[in-house]
Amino acid sequence: MSIVQVILIVFIIFAVSRAILRLRQGNLTALGFAFWMSIWILALIGVVFPEISTDIAKFLGIGRGVDVIIYLSIMVLYYLVFRIYIIIEDLRQEITKLVSSLSIENERLINLIRNSRKSKSSRPSKASNKK
Amino acid sequence: MNLVVIIPAFNEQKTISNVIKLIPKKISKINKIKIVVIDDGSTDNTYFVASKYKNVTVLKHLINRGLGGALQTGFEFAKKFNFDLLVTLDSDGQHDPREIPRLIRPILKGKADVVIGSRLKSDEMRQMPLDRLIINFIGNLVTFVMFLFWTTDSQSGFRVFSKKAVAKISIRSQKMEVSSEFFKEFKSNNLKIVELPIKPIYTRYSRLKGQTNINSLQIITRLILNIAR
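Residues numbered from 1 in each chain as written. Chains lettered and ligands numbered in written order. Predicted model: local features only at pLDDT ≥ 70, side-chain atom pairs only at ≥ 80, totals over all residues. Heavy atoms only, no water.

**Things to note about the packing of helix H3 (residues 50-60) of chain A against helix H4 (residues 65-122) of chain A**
All names here are of chain A.
- Here H3 crosses H4 at 80°, and the two axes come no closer than 7 Å. The angle between H3 and H4 falls in the class roughly perpendicular. Residue-level inspection shows Ser53, Thr54, Ile56, Ala57 and Leu60 of H3 in contact with H4, the latter providing Gly65, Val68 and Ile69. (Axes fitted to C-alpha atoms, helices over the stretch in contact; angles between N-to-C directions. Helix = DSSP H or I, 4+ residues; strand = E, 2+ residues; numbered from the N terminus. Parallel < 35°, antiparallel > 145°, perpendicular 65-115°, else oblique. Contact = heavy atoms within 4.5 Å.)

**Some remarks on the packing of aromatic side chains**
All names here are of chain B.
- Summed over all chains, the structure comprises 16 aromatic pairs over all chains.
- With a centroid separation of 5.3 Å and 55° between ring planes, the pair formed by Phe149 and Phe183 is classed as tilted. One end of the pair, Phe149, is in the loop between helix H5 (130-147) and strand E6 (159-162); the other, Phe183, is in helix H7 (residues 178-188), with 34 residues separating them in the sequence. Each of the two residues, Phe149 as well as Phe183, counts as buried.
- Taken together, Phe75, Phe149, Phe161, Phe182, Phe183 and Phe186 form an aromatic cluster joined through their ring pairs. (Phe/Tyr/Trp six-rings, centres within 6.5 Å; stacked < 30°, edge-to-face > 60°. Buried < 20%, exposed > 50% of the residue type's maximum accessible area, 1.4 Å probe, protein only.)

**Details of a positive patch on the surface**
- Where like charges cluster on the molecular surface, the positive patch consists of Lys29, Arg105, Lys109 and Lys111 of chain B.
- Residue class for Lys111 of chain B comes out exposed when judged on its relative accessible area of 56%. (Patch = residues over 30% accessible without salt bridge, like charges linked within 9 Å, V, L, I, M, F, W, Y side chains within 5 Å. Areas by Shrake-Rupley, 256 points an atom, 1.4 Å probe, with all protein chains shown as cover. Salt bridge = Lys/Arg side-chain N within 4 Å of Asp/Glu carboxyl O. Lys, Arg positive; Asp, Glu negative; His and termini not counted. Charge placed at Lys NZ, Arg CZ, Asp CG, Glu CD.)

**Observations concerning the interface of chain B and chain A**
- Across the contact, 25 residues belong to chain B and 17 residues belong to chain A.
- Summing both sides of the interface, chain B and chain A together bury roughly 1900 Å²; the carbon and sulfur share of this comes to 57%.
- Taken together, the connections running from chain B to chain A amount to one salt bridge.
- Taking the shortest distance from any N to any O, the salt bridge between Arg172 of chain B and Asp90 of chain A comes out at 3.3 Å.
- Where chain B meets chain A, there are seven residue pairs in polar contact (both at pLDDT 80 or more).
- Elements with a contribution of two residues or more to the side of chain B that touches chain A: strand E3 (56-60), helix H3 (66-80) and helix H9 (215-228) of chain B.
- Tallying contributions element by element places H3 of chain B first for the side of chain B that touches chain A, with six residues.
- Taken together, the residues of the side of chain B that touches chain A sort by class into 10 nonpolar, seven polar and eight charged. (Buried area = accessible area lost by both parts, 1.4 Å probe. Polar contact = N/O pair within 3.5 Å; in protein donor to acceptor, adjacent residues only side chain to side chain. Nonpolar A, V, L, I, M, F, W, Y, C, P; charged D, E, K, R; others polar.)

**Brief notes about the confidence of the model for chain A**
- Confidence in the prediction for chain A averages 85 pLDDT; 94% of positions are at 70 or higher.
- The lowest-confidence element of chain A is helix H5 (residues 126-130) of chain A, averaging 55 in pLDDT; the highest-confidence one is helix H1 (residues 3-25) of chain A, averaging 90. (pLDDT = per-residue confidence, 0-100.)

Here it is, written out as structure tokens:
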């Protein structure tokens, strides 16, 4: 086993442990955990048995096994970037809803305060009634 | 009938007064006219300038959310307080609010659900700068390709919506791409659209504000990404 393989295996073990931790903390859904585990298991197989990627490469007509891994990695990265974009957009949308509701609610409260002040000032005081 | 005029504003202390003053106080067949300025997190005195007017309600966004976000607040307000008509106007003085009575007419007559004030249908369209004409044409083309809806002025901010349209339209865009997103909503909700000419007013100030030539590309990119989501 080469040094590169050892470094990659250590990294994969670290990534798997992070995924398990996130699942336990409730920050990762079961589906998300399954997705990441399948990615890391495939990566582990590719690192431990590099000849498998070469066989897949030959089957796909690409040539080298490393090229297959790079192509797949780029595809997965593009997909993940797109997912992150959607998550950010959803967050922005939620923030806008919050800001929007707050602005309307604040205006309602300001009006309530104004009206109560007006009604207080227009109400005759006890002293003036006695007169 | 009740009418609400929604004016999204971001750092418009110089022009907001003129826009408010020009909004008609009375319009035939309209019982109540409410002016609502959406101060979209301005860092200047827009809020205080607009608040001086007794007939104006100012809704303050705590942070800037963009034109789409401000319009979402306007639509929410109109729905919550049950307005029959909603008019949107730009706050940089690009539109003449005195044209509101003419623009609401097709809805009052039941001939439209939405009226678009089109600068390109106006005889004075020649006053529009060439770069704005090109941007507008690209905007129209993108709107057509993405939503299969041809309009002469996809980027116009001067629009009138009926109560039915306000209830059905649901916008998601945060920034200026909202102008094109409206057309997706018009089509998917089968709303009747009428375009009427409006006078284009271009000042040095309004040219620097709003949809600049550089951010037009960003707007198109965001539109495409929003559709692909």
